[in-house]
Each structure stands twice: as structure tokens, then as C-alpha cells.
2 protein chains.
Amino acid sequence: MTRAAPERHDDILAAAGRRFAQSGYRGTSLQDIAADVGCSKAAVLYHFADKKAILAELVARPIDQLRELDERIAATSSPAEAQRVAAEGYVDLAVQFRRETAFLRGEFPGLFQQPPFSHLQHIPDRLVRAFAGHSDRPAARVSALVILAGIAETCGEFIDLPEAELRPALLALVRRALEPVN
Amino acid sequence: MTRAAPERHDDILAAAGRRFAQSGYRGTSLQDIAADVGCSKAAVLYHFADKKAILAELVARPIDQLRELDERIAATSSPAEAQRVAAEGYVDLAVQFRRETAFLRGEFPGLFQQPPFSHLQHIPDRLVRAFAGHSDRPAARVSALVILAGIAETCGEFIDLPEAELRPALLALVRRALEPVN
DNA sequence: AGCATGCCTGACCGATCGGTCAGATGCCGA
DNA sequence: TCGGCATCTGACCGATCGGTCAGGCATGCT
């Protein structure tokens, strides 16, 4: 029954990703993950320090790229350019990390307000402001949040749709929805 | 400490609504609700049969109106009319039930697949199809789902924004985003 | 005064949660 | 062949969950 460590590690990560996407972090038990992998709950906790560590590793890469996008947005020189960079960057990110993004967004309010995720809380702010065209008008902020939340929550439902179809569809929608706000 | 039953009932409902919106159904315990109301956990279960009954009563009115909107969409005679009815009806519904809609959408996949909510599962289908302009193209379906999911999840963040500002902002966004799809 | 009823409490229940631990098993180099 | 290390298991822990129950305490009717 023994299995090489790296494979087991990745198996657990993959199983947790599927479960989290379907039932949320709180709605998934270590027992569920272990059952999917085909090992005991204790084996899961041999490869990961605790349940939060699984989540942390699962969202590490999308979070890193979100932070990188944040810096690219900060480096722009006009609201229009910021919006373009934000739109294309976020769509790419959401498509690339379809499964993670969906539950990452869903768990954000409740889970990412406490350690060890607290420092990530401010990152989406610049994204929202860029989408809103640096406008403080409620209408612009509503539009930005609807699009952002919609992309995040929707992408998980299109796991099987090839990127070649999903990405342009999202980009076209974002451009149509946001351009008149400028 | 004794309080007239109808007021307690409504107090519990209101407290549960706030908690569910913030932490989700699974993330809220009966103890949390009882603490907010200022009574014991047993008192909560005196007014409601079980935890699910609180959720059921909380979403009964928005669900009823969602079903009613579903019928109004079915009664239309063209895709364009269906989309107009769906857009205005859903925006009204989302704005009116800002708090409920946010977590109702969030809990849908996991919770509303099992009794006593199973029969509600198919209702959003016609809404999505109407938004997509009765098109089967992935791009149209992506647009429809992004807008629907975005509205539902975003509305909860604008509890304090008056309807007079939120409603037209959402309607304008929906019109801009969906009209070119036809 | 006595009694019934409505509202509520603290104590308790079994189930499940995340997490720990001692020990079993298998593999690999010396 | 043997010892050591990595991997894994079953049993167990305390905490918390949703839910139950017997009884207390008002209030109001007879």
C-alpha cells in the first residue's frame, strides 16, 4: 500500500481541490479527502501539517499570480491601461486556475480574514479599483464587482470547456460590460 | 427574559440571516445565532424544528418570487422578451433580497441538491437560458452565468447602498453586457 | 388558590470534526 | 542479514456540532 511520497502528496492535493471546489473548505472533511485518495485520514496528515496547509498549498500558485497581477496593475500609467491589464490578467488567471478560483473566491470572506491568510485580504482592492476605472461612483464599483465575482464563481462550472472557447468569451463580455464605464 | 413568540421568531430569523450571509450556512452554529439573539440554543430550537427549518423559512420568500419569475419568463413569446423579463426581474429580486440572495447562491450547489430543497434545483435553468438568449453557444452561456453569478454574489456587499442607486447600475450593466449576444 | 399553558434554561446525548500517537509494514543501504 | 528510515494504520483525544429532555418560571384563566 506504500506509495512514493511526491505522488501521494499530489494525489491528496488533487482530491482536496476537487472536494473543496464542490463542497467548499468547511464542507469537506479530511475523511472525505482520504477516502478519495484511498488511504487513512492519518496518512493525509502525514503529508500535510494540518487541513489549512492543504488549502494554503492549493491556493499558493493562484495567489502568487494574483499578487503579481496586482503589481502589474500598479505599474500602469493610466486608468484605461490599468483596466486593460486588469481585465486580461484576471481573465487569464481565472481560466488557468478554474477550479481553485471558484472556491478561493467563495471562501474569501470567512476564511481569509484570519491567519495565515490575513495579509492577502487587501490584494483584490486594486483589482476592483482598476476594473472600476479608478472611479468612486457606486455604478462603476457595482459593475466591477459583478464582473469579478461572476468570473470567479462561474469559471468552476466550465472545467470541461477548452480555454480556446472560455477565454475569448470572458474577454468579450468584460470589454462590453466595462468599456462604457470609462 | 420571556418574550412574545412572534418577535422572538423574527429576531432569530434576522440573526440567522445576518450570520448566514457572513459565514454561510455551514459556517454558522445554532450557538452563534442564539448568542446574537440573547437566548439559549434550546430556545432557538423551540421556535424552529431544526436548523434547516430556519434556512427554509429564510429563503421561502425569495424562492417563491424566483419561481414566479420563472413562470413569467416561460410565458414570454420571444427570446428578446424573455431576456428583458429575466434581466429586470432578476435584478429586482437580487436587489430586494440582497442578503438572502448572496448566501442562497453560495449554498446552492452543496445544500440545495438534497431534501427538502431538491425540487428547486431546476428553477434557475430557464433563467440562465433566458439570459443566454436561448443560445446554446458556450459564449452566450458563459456571459449569462457570469452576470447571474456576479449579481447574486455582489448584491450582499451593497446592503447599505440605496436601491435607487444599486438597481439602475445593475440594469445598465446587464443591458450592456447581454444585448450584443443576441 | 389552583392549574394549565407558553416560553425558556442547563444538562445531556450521539455523531463528527481536526488532530495525535504508538506501533506495524516495507524498502534500502551497509 | 540487519538496522534505520519513510510511509502508513487503527485507536484514540478533546472540542464542537445539531438535537433532546426534564424541569423552572412566569402569566392568565377558572
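Residues numbered from 1 in each chain as written. Chains lettered and ligands numbered in written order. Predicted model: local features only at pLDDT ≥ 70, side-chain atom pairs only at ≥ 80, totals over all residues. Heavy atoms only, no water.

Brief notes about the relation of the copies chain B and chain A
- Between chain B and chain A, which share one sequence, the superposing operator has a rotation angle of 180° and an axial displacement of 0.0 Å; the RMSD is 0.0 Å. Such a combination of rotation and displacement between the chain copies is what one expects of a two-fold axis. Residue B:Gly150 of chain B places its C-alpha closer to the rotation axis than any other residue of that unit, at 1.8 Å. (Least-squares fit on C-alpha atoms with pLDDT ≥ 70 in both.)

Describing the nonpolar core
- If you look at the biggest cluster of nonpolar residues, it comprises 78 residues, and the most contacted ones within it are A:Phe131, A:Ile151, B:Phe131 and B:Ile151.
- With residues near it in sequence (within four places) discarded, B:Phe131 still touches B:Gln83, B:Ala86, B:Ala87, B:Tyr90, B:Ala144, B:Ile147, B:Leu148, B:Val174 and B:Leu178. (Core = buried A, V, L, I, M, F, W, Y, C linked by side-chain atoms within 4.5 Å. Buried < 20%, exposed > 50% of the residue type's maximum accessible area, 1.4 Å probe, protein only. Contact = heavy atoms within 4.5 Å.)

Some thoughts on helix H4 (residues 51-74) of chain B
Residues and elements named next belong to chain B.
- The first and last C-alpha atoms of H4 sit 34 Å apart over 24 residues, in line with the 34 Å expected at 1.5 Å per residue.
- Alanine 60 marks the point of greatest bend in H4, at about 45°, and the proline proline 62 comes within the next four residues.
- Looking only at H4, the buried set comprises Lys51, Ile54, Leu55, Leu58, Val59, Pro62, Ile63, Leu66, Leu69, Asp70 and Ile73. (Helix = DSSP H or I, 4+ residues; strand = E, 2+ residues; numbered from the N terminus. Expected span 1.5 Å × (residues − 1). Bend = angle between axes of the 7 residues up to and from the residue.)

Regarding the packing of aromatic side chains
Residues and elements named next belong to chain A.
- This model, assessed by the stated rule, comprises four aromatic pairs over all chains.
- Geometrically, the ring pair formed by phenylalanine 20 and tyrosine 25 is edge-to-face, given 5.3 Å between the ring centres and 65° between the ring planes.
- Residue classification places tyrosine 25 among the buried positions, given a relative accessible area of 8%.
- Directly above the aromatic system of tyrosine 25 lies the positively charged group of lysine 51, at a separation of 4.3 Å from the ring centroid. (Phe/Tyr/Trp six-rings, centres within 6.5 Å; stacked < 30°, edge-to-face > 60°. Lys NZ or Arg CZ within 6 Å of the ring centre and 35° of its normal.)

Some words on the packing of helix H7 (residues 123-131) of chain A against helix H8 (residues 138-155) of chain A
Residue and element names in this part refer to chain A.
- Taken N-terminus to C-terminus, the directions of H7 and H8 make an angle of 120°; their axes are 8 Å apart at the nearest point. In terms of their interaxial angle, H7 and H8 are classed as oblique. Taken as a pair, H7 and H8 cross one another with a handedness that is right-handed. Contacts from Leu127, Val128 and Phe131 in H7 reach Arg141, Ala144, Leu145, Ile147 and Leu148 in H8.
- When grouped by side-chain class, the residues that make up the contact of H7 with H8 number seven nonpolar, no polar and one charged. (Axes fitted to C-alpha atoms, helices over the stretch in contact; angles between N-to-C directions. Parallel < 35°, antiparallel > 145°, perpendicular 65-115°, else oblique. Left-handed = near helix turned anticlockwise from the far one by under 90°. Nonpolar A, V, L, I, M, F, W, Y, C, P; charged D, E, K, R; others polar.)

Function-wise, these values are silent; they only describe arrangement.
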